[in-house]
Amino acid sequence: MKAFLAALLFAAIAAVGVSILLNAIQEPSSVAFTTGGARVGDPGHNLVGPNG
Amino acid sequence: MARMKFLCDADRCIECNACVTACKNEHEVPWGINRRRVVTINDGKPGERSVSMACMHCTDAPCAAVCPVNCFYTTADGVVLHSKDLCIGCGYCFYACPFGAPQYPKVGNFGSRGKMDKCTFCAGGPEADGSQEEYEKYGANRLAEGKLPLCAEMCSTKSLLAGDGEIIAQIYKERVMKRGYGSGAWGWKTAYRETIES
Amino acid sequence: MASFGRFIRLAVGACVFLLVIAASVPCNAQQVNPTASSVKEQQLLQELNRIQGRVSIPDQRSGVLEQPAGRDWREFRNVTLRWIGGIAILGMIAVMVIFYLTRGMVRLESGRSGRTIVRFRAFERFVHWMTASCFIVLAISGLNITFGRPLLLPLIGFEAFSEWSQWAKYAHNYLSFPFTIGVVLIFLMWIAGNIPNKVDVEWLKRGGGIVGHDHPPAYRFNAGQKAIYWIVVMGGGAVAVTGYELMFPFYLSGIEGMQLAQIVHSVVSVLFIAAMLAHIYIGTIGMEGAFDAMGTGEVDLNWAKEHHSLWVEEELAKGPSSGSSPRPVAAE
């Protein structure tokens, strides 16, 4: 039983940890699909919401 | 009832990108989302050709067919739209779309790619016509005001046509007859399962 | 002299007049097609099955003007995959039901001895349960993507189904990491005991104890378990690789590669699920005394002698200091 519970706990922690890590390296399209020189000012948030 | 279609007369397109600019401006499309784009084939070589491409609003849309949450719908005009409230950002519609119309705000597919965005034929979305919520989620709704998509309206050479499929097919046929040549309606076979004999 | 000048003016005027008339007549015989040497859509589609050009925007995928392969992928994903998955999973369930009703649970012929022997240590059980529980969630969330829309959406409605699918997708993507870690650990932990050998051939020939009532000898893992091991390692490896390809779209491949990744991922997954259903069956209701192996880690000595006789001999030969010598079941 202990092994099973430890397994569930480890899986949950690993999943949450990975989600934090991956969201930190997530690239929005406003950065990925624009060249450096074009990035002046606000990329705009219409259509994609405040976090896009 | 009119069945809305796009037609890009590839013999007239001069790659000016007015259609792209018009769309970007009308809907305040953020950076990195490309609802409409101009693709140039054989650039710089003899036989160079440019075609303006966005969502073709296909008959039997493949994006709608593969969506795991069924967030797409087709209006009575034949315009293919979707609900961003239901979209889970899985990316399947991009794999199915022959024209690469779906756009996503995020690059990585961990969790979600964000809500899919695409050309709406200037017909907004499921929210109330002309409302602020509709504009913020889907952009301007010109069709509800009785206007046609701005990309076609702004086309400098009138190569991009948008509107009732029968009427624009007729316009294209007349052009082909008058000038004696025409490369056909690009994308029509894939999107609408029909060709315009030229 | 004046009349000659008038003649010249008349002649020139007539020539100019004729020139103007001639120029205004359309030259139908010389109609020019300036785009005659340009590419044609059907020609490009026939040659390459995709049309691609140059775009001025940084998203290079937008250079693909048409990719009709999306149509074939749609057909596979909506039709073919659902048939494969349906037949594999429902077929396996049907086979299991029929098997249980006819053969029943494989009983311990000599009955419980009351003495146990350690079969799996704590770490091994930890890894197994971590992989298994992740697999359950991954299987359900994965099946939701393929079968949720026709089966579940009509029952709970759009908003609820989208919300559920959203969370299922998060769970699927993030639990894939502990699952992959588990598969790697399983591969490393148990590779030594899962190399096929002649004993396995004999075991299979004698029906493995499941076809008929024989008790062919086996080492720690019998041929059936070795099959499951390799299915997990290779199937798990395949779904992990293709799954990460899907999670990092277009990092490794173009759109055809992504479609192929989805095809491999989904087909391997549904077959994997069918195989795991059989594994779960045999480890729970299919065989008396089997669950103890992963449940407590200790199995009845008679069970071990009946099903893994060669392994028991090895363990007992190691002597009482090895920790796996039989001892009475502790009162719990």
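Residues numbered from 1 in each chain as written. Chains lettered and ligands numbered in written order. Predicted model: local features only at pLDDT ≥ 70, side-chain atom pairs only at ≥ 80, totals over all residues.

Observations concerning the overall build of chain B
(1) Moving on: When its secondary structure is counted, chain B shows 7 helices and 6 strands.
(2) Moving on: Put simply, chain B runs from its N terminus to its C terminus through helices and strands in the order β-α-β-β-α-β-β-α-α-α-β-α-α.
(3) Moving on: On C-alpha atoms alone, chain B measures out to a radius of gyration of 17 Å, which is about the 16 Å that the 2.2 N^0.38 rule sets for 198 residues.
(4) Moving on: Across its three principal directions, the C-alpha atoms of chain B cover 50 × 40 × 30 Å.
(5) Moving on: Looking at chain B residue by residue over its 198 residues, the buried ones come to 60%.
(6) Moving on: Residue pairs in contact within chain B that sit at least 24 positions apart in sequence constitute 53% of those at least 6 positions apart. (Helix = DSSP H or I, 4+ residues; strand = E, 2+ residues; numbered from the N terminus. Rg over C-alpha atoms; globule rule 2.2 N^0.38 Å. Buried ≥ 20, exposed ≤ 12 C-beta atoms within 10 Å, placed from the backbone. Contact = placed C-beta atoms within 7 Å.)

Notes on the overall build of chain C
(1) Moving on: Each helix and strand in chain C was counted, giving 11 helices and 5 strands.
(2) Moving on: What you see for chain C is a C-alpha radius of gyration of 36 Å, clearly larger than the 20 Å of a compact globule of 332 residues, by over 25%.
(3) Moving on: Each principal axis of the C-alpha distribution contributes one length, and for chain C these read about 145 × 45 × 35 Å.
(4) Moving on: Taking all 332 residues of chain C together, the buried fraction comes to 30%.
(5) Moving on: Intrachain contacts of chain C at a sequence separation of at least 6 include 69% that bridge at least 24 residues.

Thoughts on the interface of chain B and chain A
(1) Moving on: Between chain B and chain A, the contact holds 19 residues from the first and 17 residues from the second.
(2) Moving on: Its residues placed into classes, the side of chain B that touches chain A shows 8 nonpolar, 6 polar and 5 charged. (Nonpolar A, V, L, I, M, F, W, Y, C, P; charged D, E, K, R; others polar.)

A word on the packing of helix H4 (residues 122-156) of chain C against helix H5 (residues 158-190) of chain C
All names here are of chain C.
(1) Moving on: Here H4 crosses H5 at 150 degrees, and the two axes come no closer than 7 Å. Compared by their axis directions, H4 and H5 come out roughly antiparallel. Between H4 and H5 lies a crossing of left-handed hand. (Axes fitted to C-alpha atoms, helices over the stretch in contact; angles between N-to-C directions. Parallel < 35°, antiparallel > 145°, perpendicular 65-115°, else oblique. Left-handed = near helix turned anticlockwise from the far one by under 90°.)

What to know about helix H6 (residues 165-179) of chain B
Residues and elements named next belong to chain B.
(1) Moving on: Compared with an ideal rise of 1.5 Å per residue, which puts 15 residues at 21 Å, H6 spans 21 Å between its outermost C-alpha atoms and is within 8% of the ideal.
(2) Moving on: Buried within H6 we find Gly 165, Ile 168, Ala 169 and Tyr 172. All buried residues of H6 project into a common sector of 105 degrees when viewed along the axis, lining one side. More than 90 degrees from the buried face of H6, the exposed residues found are Glu 166, Ile 167, Gln 170, Glu 174, Met 177 and Lys 178.
(3) Moving on: Looking at the buried side of H6, the elements it contacts are strand S1 (4-8) and strand S6 (160-164).
(4) Moving on: Two residues or fewer past H6, Gly 180 is found with a positive phi of approximately 90 degrees. (Expected span 1.5 Å × (residues − 1). Arc of directions from axis to C-beta.)

Structural notes on the packing of helix H1 (residues 2-25) of chain A against H5(C)
(1) Moving on: Packing of H1(A) against H5(C) brings their axes to within 8 Å, and their N-to-C directions diverge by 125 degrees. Taken together, the axes of H1(A) and H5(C) lie oblique to each other. Here H1(A) runs over H5(C); the crossing is right-handed. Contacts between H1(A) and H5(C) involve Phe10(A), Ala11(A), Ala14(A), Ala15(A), Val18(A) and Ser19(A) on the former and, on the latter, Tyr174(C), Leu175(C), Phe177(C) and Pro178(C).
(2) Moving on: Looking at side-chain class alone, the contact of H1(A) with H5(C) contains 9 nonpolar, 1 polar and no charged residues.

Here we look at the nonpolar core
(1) Moving on: Formed by 79 residues in total, the largest nonpolar core has its most connected members in Cys8(B), Val51(B), Cys93(B), Ala96(B), Cys151(B) and Leu160(B).
(2) Moving on: The leading source of residues in this core is helix H3 (residues 92-96) of chain B, at 5 residues.
(3) Moving on: Leave out the neighbours within four places in its chain, and Ala96(B) touches Pro62(B), Cys63(B), Ala65(B), Val66(B), Gly70(C), Trp73(C) and Arg74(C).
(4) Moving on: Counting residues in hydrophobic clusters, the runner-up holds 20 residues, among them Ala15(A), Leu138(C), Phe177(C) and Phe179(C). (Core = buried A, V, L, I, M, F, W, Y, C linked by C-beta atoms within 7 Å.)

Here we look at the confidence of the model for chain C
(1) Moving on: Mean pLDDT over chain C: 92, with 93% of residues reaching 70 or higher.
(2) Moving on: As a predicted assembly, this complex carries a pTM of 0.91 together with an ipTM value of 0.94. (pLDDT = per-residue confidence, 0-100.)

Things to note about the environment of Asn109(B)
(1) Moving on: Along the polypeptide, Asn109(B) turns up in the loop between H3 and helix H4 (132-138).
(2) Moving on: We classify Asn109(B) as buried; it has 25 C-beta atoms within 10 Å.
(3) Moving on: Between the C-alpha atom of Asn109(B) and that of Gly91(B), which follows or precedes it by 18 residues, the distance is 7.9 Å.
(4) Moving on: Setting aside its immediate chain neighbours within four residues, Asn109(B) contacts Gly91(B), Leu246(C), Met247(C), Phe248(C) and Pro249(C).

As for the interface of chain C and chain B
(1) Moving on: Taken together, the contact pairs 48 residues of chain C with 41 residues of chain B.
(2) Moving on: The set of elements that each furnish at least two residues to the side of chain C that touches chain B consists of strand S2 (64-66), helix H3 (69-102), H4, H5, helix H7 (223-247) and helix H8 (255-283) of chain C.
(3) Moving on: A total of 8 residues in the side of chain C that touches chain B trace back to one element, the largest contributor, which is H5(C).
(4) Moving on: Of the residues contributing to the side of chain C that touches chain B, the split by class is 19 nonpolar, 18 polar and 11 charged.

Overview of the environment of Val199(C)
All names here are of chain C.
(1) Moving on: Topologically, Val 199 is positioned in helix H6 (residues 198-205).
(2) Moving on: Residues Val 199 and Asn 222, 23 residues apart in the sequence, show an inter-C-alpha distance of 8.4 Å.
(3) Moving on: Sequence-distant contacts of Val 199, defined by excluding residues within four places in its chain, comprise Pro 217, Ala 218, Tyr 219 and Leu 310.

Focus: the pairing of strand S3 (residues 49-53) of chain B
Residues and elements named next belong to chain B.
(1) Moving on: Counting buried residues in S3 gives 5 out of 5 residues, a clear majority hidden from the surface.
(2) Moving on: Here S3 shows a buried face lined by Arg 49, Val 51 and Met 53 and a second buried face lined by Ser 50 and Ser 52.
(3) Moving on: Note: strand S2 (residues 37-41) against S3, 5 bridges, orientation antiparallel. Across the sheet, Val 38 pairs through a bridge with Ser 52, a residue of S3. (Pairing = 2+ DSSP bridges.)

Some remarks on H1(A)
(1) Moving on: The terminal C-alpha atoms of H1(A), which comprises 24 residues, lie 35 Å apart, in line with the 34 Å expected from a rise of 1.5 Å per residue.
(2) Moving on: When we look at burial in H1(A), the residues that qualify are Ala3(A), Ala7(A), Ala11(A), Ala14(A) and Ala15(A).
(3) Moving on: Elements that come into contact with the buried residues of H1(A) comprise H4 and H5 of chain C.

A closer look at unusual backbone geometry
(1) Moving on: The phi torsion at Asn49(C) lies on the positive side, around 55 degrees, for a residue other than glycine.
(2) Moving on: If you trace the backbone, Asn49(C) turns up in the loop between helix H2 (41-48) and strand S1 (51-52).

So, the environment of Ser253(C)
(1) Moving on: Relative to the helices and strands, Ser253(C) resides in the loop between H7 and H8.
(2) Moving on: Not counting chain neighbours up to four residues away, the residues in contact with Ser253(C) comprise Glu245(C) and Met258(C).

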